[in-house]
Amino acid sequence: MEKKLIAMIFAVLIMLSLLAGCSRSTEPVNNEEKENIPNQNSVGETEEIATKTSEITLCESWGFENGFATVITPETSTNFGLNFYLANFYETLVNYEDGEILPSLAKSWEVSEDGLIYTFYLKEGVKFSDGADFNAEVVKKNLEMIPRLSGAYNGSVALITALFKEINVIDEYTVEVHMSSPYYGALHDFAKLNPMAMVSPNAFNEDNTLSDKIFTNTMGTGPYMYDSQSDEKIYTFISNPNYHGGKSDIIKFNVKVIPDQEAKALALRKGEIDMIFGFAQISYDGFKVFSDDNNFGTNISDTPIRTRFFGFNLSKEPFNDKNVRLAVNHAIDKENISKNIFYDIEKKADTFFNSELPYCDVELKPYEYNVDKAIQLLEQSGYVDTDGDGIREKDGNKLEGELLYISGSSVTDDLALTVKSFLNKIGMDIKVTGLDMMAWYAKTQADEFAIAGRETYGIPSDPFTSISNMNTQTKVDNILAQALIHLEDGDEIINKLNTLVKENEIQEEYDFILNEIHSNSPFVPISHIKELIVYNSKKIDAYEFDGQPSNIRIDFLKVK
Amino acid sequence: MLKKIYKNKQAMVGLIMIFIVLFIAVFAPIIAINDPEEINPMNKFVKTSPHYPLGADQLGRCVFSRLVYGARYSLGISIPTLFILALISISIGTISAYLGGRFDDIFSIISDIFMAFPPLIVVLSLVGALGQGIRNIVAAVVFSMWVWFAKIVRSFVLMEKNKEYIIASKIAGCSDYKIIMSHIIPNILPSLIVCFSTGIAGLMLMISGFSFLGLGIEAGAAEWGSMLSSGRAYLYSHPSLIVYPGICILFTAAGFNLFGEALRDIISPKEV
């Protein structure tokens, strides 16, 4: 009996100490107080960092066990984590920034009037990390290999890979790309690290397959290269001695695998890691707590990177009814969600694509939050609550459905539950189900969903590849494929757009497509996501986001 | 027996704790001030007030009301699960031990196979295959745990069936059914009650643990384990969101454990 009592007392003491330990952060400490404790910070350091930081550690939910191949598709990778790191190891022929195409490995380029020939003039004296030279032959080899390596997904990650007709080497540093048809988003596709990054010719076997070397080597022209992996799932990368650009502050960085969001935040607080990068890696509440703490620095990208939205299944009841979809659009208080769930980091989205994206500045009337209008629309379609259970019915069928979303983040969990609650208020019964990414993808591709929560591909794929994959024939994205499914000639419209060359014609087509998407409402845009970073301000001074903000650029870190 | 329980302080403390939780679970609609699942992001993290006695969580839901309804989930799932487990394990364990021979050998092989898999793995696979839902989590827990209880029942029956009074009743011409129902089960029942009453705390923790991992209970349900799980994201800004459900789980599990162990002390004091 005594032993049990002692055990219980201990349990209570542990809980109280947890409460006391945690409650420290709830009481704001003013700056003066902080300054009076110079050598005591939350990362446990007791001495000033004497020398300039040259090595940092960050964390990631996934490991790099799939290797470092730059063509990343559901066939080649179980996660897409490498996507965010590619910019550290590889470069593309051109770069994308704020809607503009900038030089990269190609110092300049020309496009023929008919849009069928792209001539790239390459930088000279560039070497890959394995010592191989970068030249026109290497570009030709890469551009021939990318469609092969894309397999069934050729054209769906970057449409251009399905349009290559012939690659000609003009001289050592000039290459000509002939296309089977013009594509207005070609240069944007050339700027995508996945799949268009240039890889050393040593990464390919003679039989035109990918060498196994790529599993343990990054063979690019970027500022860093793979070094080693420790037993504790820490991947180490070091400076690329052959890098043609300027020297960066960091000469070595480690990526530690920590799957859980809260564990990541704790690791940063404990000093195990120096930064967390990416909106999906940290809860917004956690981000806010770090923002208010002088020991940590934070930054949010100016550019929205993608749109968070819900997509309906237009082939199944009840969302095959346009009025029901419009009712959902009116029933969700996006302003409220943006302020309270997204802490104003994500701003509410009135349109599917952010209007700052190329061709997307189209005038569309937003669906305002109006519950009465939503109810009116449902009643127009015959949905009435006849049995008084709070859920509407029509012809004996309840107004219900399953909302699938990718779990693993407190933000997506909270968003799904909040949307469910908004829809419940208009008499709609929604069951929310969180799944891991691959299970979610399998279910949505098999058409086993009513509503699916997700994000657009992000820049530079938005709007080009996103619109292209709305073609139902591509069959790679069943949610986007709902966009123009109501039009008999929906696929033809997209095919026609892809081949247009004149800017005014492209814009006209965009005006039509974006108006159709907005008025038919196959999607409910919720918010525009921005990229974010949290870092240990004792080590890192500042971080400037890349032109494609989702790219983690270690060389962009300024250290103390 | 009741007198002994009444006189045992540990049993009384445990019993009072159980009754408090039971009372809260039964009268949850009266005790709760707000709808536990009503989401209002505008009320996010509102402080303690008469309308929100323990404040509100990240979605503006009343924490107090959620904790009150959480008692329903914990007891409402673990008690029926225990009854199903008891029914299955007593039936199979008794028959296997009483009949013995090949039947008992087959049971032993099956139980060894079941015991080779940790319950978490079995529940993970079953919930994955059957989908989310309270029924499925009960089915998965029963499927993974029945063998553990059946083995205990079997060992009790094995001890009992060789006693002289059983042999006497066989000689007297009692049928096997009557021996099991009228002699063996009533005699092993006190020991089984002890075993199951201590097991309920384990089951409750197990179910809370599964919902903490997102298994079984529907997202957003006012279940203590899932409240603890969603509160993790607010560990630094609002630690109370994990402390309150933690205390509830601790209180209820401690109540059942204290009572169960006291019961064991009362029924078989020599084992202590």
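Everything that follows concerns the structure shown earlier in this document.
The paragraphs below set out a description of the structure included in this document. (Residues numbered from 1 in each chain as written. Chains lettered and ligands numbered in written order. Predicted model: local features only at pLDDT ≥ 70, side-chain atom pairs only at ≥ 80, totals over all residues. Heavy atoms only, no water.)

1. A look at the packing of helix α2 (residues 9-26) of chain B against helix α11 (residues 240-267) of chain B
Residues and elements named next belong to chain B. In plain terms, the rule: To get an axis, a line is fitted to the C-alpha atoms, and for a helix only the part in contact is used. The angle between two axes follows their N-to-C directions and goes from 0 to 180 degrees. Every helix listed is a DSSP run of H or I at least four residues long, and every strand listed is a run of E at least two residues long, numbered separately from the N terminus. Handedness of a crossing is defined here by the sense of rotation of the near helix relative to the far one, left-handed for an anticlockwise turn of less than a right angle and right-handed for a clockwise turn. Two residues form a contact once any of their heavy atoms are found within 4.5 Å. Charged residues are taken to be Asp, Glu, Lys and Arg, nonpolar residues to be Ala, Val, Leu, Ile, Met, Phe, Trp, Tyr, Cys and Pro, and polar residues to be all remaining types, Gly included.
It is at 7 Å that the axes of α2 and α11 come closest, and there the two elements cross at 145°. Taken as a pair, α2 and α11 cross one another with a handedness that is left-handed. Two secondary-structure elements touch here, α2 through Q10, A11, V13, G14, L15, M17, I18, I20 and V21 and α11 through F251, T252, A254, G255, F256, L258, F259, E261, A262, D265 and I266. Residues belonging to the contact of α2 with α11 are distributed by class as follows: 14 nonpolar, four polar and two charged.

2. Some words on a negative patch on the surface
All names here are of chain A. Quick reminder of the rule: Like charges are joined within 9 Å and nonpolar side chains (Val, Leu, Ile, Met, Phe, Trp, Tyr) within 5 Å, but only among residues with over 30% relative accessible area and no salt bridge; these make up the patches. Surface accessibility in these figures is a Shrake-Rupley result with a 1.4 Å probe; residues are shielded only by whichever protein chains are displayed. Salt bridges are defined as contacts in which a side-chain nitrogen from Lys or Arg sits within 4 Å of a carboxyl oxygen from Asp or Glu. Only four residue types enter the charge count: Lys and Arg as positive, Asp and Glu as negative, with His and the chain ends excluded. Charge placement uses NZ in Lys and CZ in Arg. For Asp and Glu, CG and CD serve respectively. Buried residues are those whose accessible area, probed at 1.4 Å on protein chains only, stays under 20% of the maximum for their type, while exposed residues exceed 50% and partly exposed ones sit between those limits.
There is a patch of like negative charges on the surface, built from E97, D98, E100, D302, E356 and E544. Looking at where E97 falls in the secondary structure, it is placed in strand β2 (residues 94-97). Using a relative accessible area of 38% as the deciding quantity, one classes E97 as partly exposed.

3. Section: a nonpolar patch on the surface
Together, B:F23, B:V26, B:F27 and B:I30 make up an exposed nonpolar region whose accessible area comes to about 420 Å². Following the sequence through the fold, B:I30 ends up in helix α3 (residues 28-31).

4. Regarding the environment of A:I494
All names here are of chain A. With respect to the secondary-structure elements, I494 resides in helix α15 (residues 490-499). Spatially, the C-alpha atom of I494 lies 47 Å from that of V559, the residues being 65 residues apart in sequence. Leave out the neighbours within four places in its chain, and I494 touches I467, S468, M470, N471 and L484.

5. Some points on the interface of chain A and chain B
Heads up, the condition is: We define buried area as the total accessible area lost by two parts upon association, computed with a 1.4 Å probe and summed across both. Pairs of N or O atoms within 3.5 Å make up the polar contacts considered here, provided that, within protein, one atom can donate a hydrogen while the other can accept it, and that residues adjacent in sequence are counted only when both atoms are side-chain atoms.
The partner chain B presents 27 residues to the 32 residues of chain A that form the contact. Of the roughly 2800 Å² buried where chain A meets chain B, counting both sides, 66% is carbon and sulfur surface. The interface formed by chain A and chain B includes two salt bridges. Close ionic contact of A:D260 with B:R232 constitutes a salt bridge, the shortest N to O distance being 3.3 Å. Taken together, the connections running from chain A to chain B amount to five residue pairs in polar contact (both at pLDDT 80 or more). Residue assignment for the side of chain A that touches chain B shows that the elements contributing at least two residues are α1 (2-23), α7 (261-270), α8 (284-291), α10 (334-340), α12 (410-424) and β17 (429-435) of chain A. By residue number, the principal contributor to the side of chain A that touches chain B is α1(A), which donates seven residues.

6. Quick notes on the pairing of β2(A)
Cut-off, in case you're wondering: Note on pairing: DSSP must find at least two bridges between two strands before they are called paired.
Covered by surrounding structure in β2(A) are A:V94 and A:Y96 only, the residues A:N95 and A:E97 on the alternate face being uncovered. Once β2(A) ends, the chain turns through two residues before running back antiparallel as strand β3 (residues 100-103) of chain A, passing A:D98 with a positive phi of about 45°.

7. Quick notes on the nonpolar core
We apply this condition: We call a set of buried residues a nonpolar core when its members are Ala, Val, Leu, Ile, Met, Phe, Trp, Tyr or Cys and they connect through side-chain atoms within 4.5 Å of each other.
If you look at the biggest cluster of nonpolar residues, it comprises 124 residues, and the most contacted ones within it are A:L423 and A:M428. At 16 residues, the largest contribution of residues to this core is made by helix α9 (residues 176-212) of chain B. If we ignore the near neighbours within four places in the chain, the residues touching A:L423 are A:V328, A:A331, A:I332, A:M428, A:I430 and A:I451. A:F120, A:L357, A:C360 and A:I517 belong to the second largest nonpolar core, which has 69 residues in total.

8. Thoughts on the pattern of salt bridges
A full pass over the atoms with the stated rule returns 31 salt bridges over all chains. For A:R306, the salt bridge goes to A:E455, with nearest N and O atoms at 3.3 Å. Of the two residues, A:R306 sits in strand β12 (residues 296-312) while A:E455 sits in strand β18 (residues 451-455), which places them 149 residues apart along the sequence. On the basis of relative accessibility, which here comes to 16%, the residue A:R306 falls in the buried class. For the salt bridge of B:E160 with B:K163, the shortest nitrogen-to-oxygen distance reads 3.3 Å. Using a relative accessible area of 9% as the deciding quantity, one classes B:E160 as buried. What you see here is one network of salt bridges that share partners, running through A:R306, A:R308, A:E346 and A:E455.

9. Let's talk about the packing of aromatic side chains
Residues and elements named next belong to chain A. Under the convention used in this document: Two aromatic rings from Phe, Tyr or Trp, using only the six-membered ring of Trp, form a pair when their centres are within 6.5 Å; if the ring planes differ by under 30 degrees the pair is stacked, by over 60 it is edge-to-face, and anything between is tilted.
Enumeration over the complete set of coordinates arrives at 41 aromatic pairs over all chains. Considering the side-chain rings of W62 and F84, the 6.0 Å spacing of their centres and the 20° angle between planes classify their relative orientation as stacked. Pair noted here: W62 is in the loop between β1 (55-60) and α3 (86-89) and F84 is in the loop between β1 and α3, with a separation of 22 residues, a long-range link. A residue is classified by how much of its surface remains accessible, and F84, at 25% relative accessible area, is partly exposed. Measuring from ring centre to ring centre gives 4.8 Å for F120 and F190, while their planes differ by 70°; the resulting arrangement is edge-to-face. Of this pair, F120 sits in strand β5 (residues 117-122) while F190 sits in helix α5 (residues 186-190), and the two are 70 residues apart along the sequence.

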